[in-house]
Amino acid sequence: MKSLEQLVRPNIGKLAPYSSARDEYSGKEAHVFLDANENPYNAPFNRYPDPLQRKLKQQISKLKGIPADMIFLGNGSDEAIDLPYRIFCQPGRDNVVAIEPTYGMYRVCADINDVAYRTVLLNENFDFQASDLLKTCDSHTKIIWICSPNNPTGNSLNRDEIIKVIENFDGIVIVDEAYIDFAQQQSLRTELATHPNLIILQTMSKAWGSAAIRLGMAFASQEIIAIYNKVKYPYNVNQLTQEQALKMLSDPYEVDKWVKILLQERVRLMQAFQELPICEHIYKTDANFFLAKMTDAQGVYDYLVDKGIIVRNRSRIQLCQNCLRITIGTKNENNELLSALRQF
Ligand SMILES: *Cc1c(COP(=O)(O)O)cnc(C)c1O
């Protein structure tokens, strides 16, 4: 790995971050706060939230077995995806490498930041070889994006190949594990201690059932997390979100129950799809959705929309011709989908 000084944009390396009233004072004894131009009325919403979300990070630290100073919390994974472009990539000069097809936000953020986005097509099993990603990199490649389980394909990528990429790339490797709670595959977070160029993304939006509160997580070395904290908006995770996330974290067994039910429903739904004459193939998945190759994806999509049932039409994505992406719903929702499809 190159040193962080070599990888970080020079202006970010030199950046003196905004210092808020809450940063400058943190202690327990004070009871009169006249330092932040807040309104003394309308408690508890009148006060700025903790800019570093310390309480919340303590709980996440316990749950994930990662020190709190190796955790960044953001306004969804979206923020954790955008920040590394702003931290590492010089607009108009640097580039990133990603697998294709994958989650669309990596490319959107590259385009917004004027960073070239290079892709390596997955093979027919939707998997990849480390050497293909590595040979696409040049001296201006700052980040490699890997999503596992991948979206929209659903499969986990080969773990040994991911580790080969991490060990042989001299820049930053970001592994997006948004669907890891549904996966048989183990999280790569155990690799953080030995791989200082690794960033892992997770989210409360999927297994945790909390897409509305917008809470994304990045796990990485203390040094990388310190730079994330310097560049982020000071109060990027609002008080309501911090409180609701703490409430969810106090009952992780509820999440385990949801995951178990969704995985059972996934088996049932996929078996039913296999028997549909309009379905040609269903692909292996490690997530709370699966990809189905249809005889006429657009026709089925339009037909379902007409019935008020929305699935994701991925048929114009490379390697996903005629494919629909089906998210696992409740038992009733899944039954409604199946009975509609049986009448197509
Ligand atoms: C859904 C999803 C996310 C979640 O994004 P949030 O901004 O945290 O809601 C992240 N990565 C992938 C690959 C996803 O599919």
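The structure we're discussing is the one just above.
Residues numbered from 1 in each chain as written. Predicted model: local features only at pLDDT ≥ 70, side-chain atom pairs only at ≥ 80, totals over all residues. Heavy atoms only, no water.

**Q** Just to check I follow, could you spell out the site of the ligand for this structure?
**A** Near the ligand there are 14 residues, and of these Tyr179, Thr203, Ser205, Lys206 and Arg214 occur at the shortest range. Between the ligand and the protein, one listed contact pairs an oxygen atom with a side-chain N or O atom of serine 205 at 2.6 Å. Lysine 206 places a side-chain nitrogen or oxygen 3.4 Å from an oxygen atom of the ligand. Out of a free accessible area of 390 Å², the ligand has 94% covered by protein chains. For the shell around the ligand, the element with the highest residue contribution is helix H5 (residues 76-88), accounting for 3 residues. Taken together, the residues of the shell around the ligand break down into 5 nonpolar, 5 polar and 4 charged. (Near = heavy atom within 4 Å. Polar contact = N/O pair within 3.5 Å; in protein donor to acceptor, adjacent residues only side chain to side chain. Areas by Shrake-Rupley, 256 points an atom, 1.4 Å probe, with all protein chains shown as cover. Helix = DSSP H or I, 4+ residues; strand = E, 2+ residues; numbered from the N terminus. Nonpolar A, V, L, I, M, F, W, Y, C, P; charged D, E, K, R; others polar.)

**Q** I'm lost on unusual backbone geometry in this one. Help?
**A** Apart from glycine, the bulk of residues carry a negative phi angle, and the bulk of peptide bonds sit in the trans form. A cis amide bond links alanine 43 with the next residue in sequence, proline 44, at an omega value of 5 degrees. When you line up the elements, proline 44 lands in the loop between helix H3 (21-24) and helix H4 (54-64). In this structure, proline 152 follows asparagine 151 across a cis peptide bond, with omega equal to 15 degrees. With respect to the secondary-structure elements, proline 152 resides in the loop between strand S4 (141-147) and helix H8 (159-168). The phi angle at phenylalanine 126 is positive, at roughly 60 degrees, despite the residue not being glycine. Within the secondary structure layout, phenylalanine 126 lies in the loop between strand S3 (116-121) and helix H7 (130-134). Judged by relative accessible area, phenylalanine 126 falls into the buried class, the value being 4%. (Buried < 20%, exposed > 50% of the residue type's maximum accessible area, 1.4 Å probe, protein only.)

Honestly, it's all geometry; don't read function into it.
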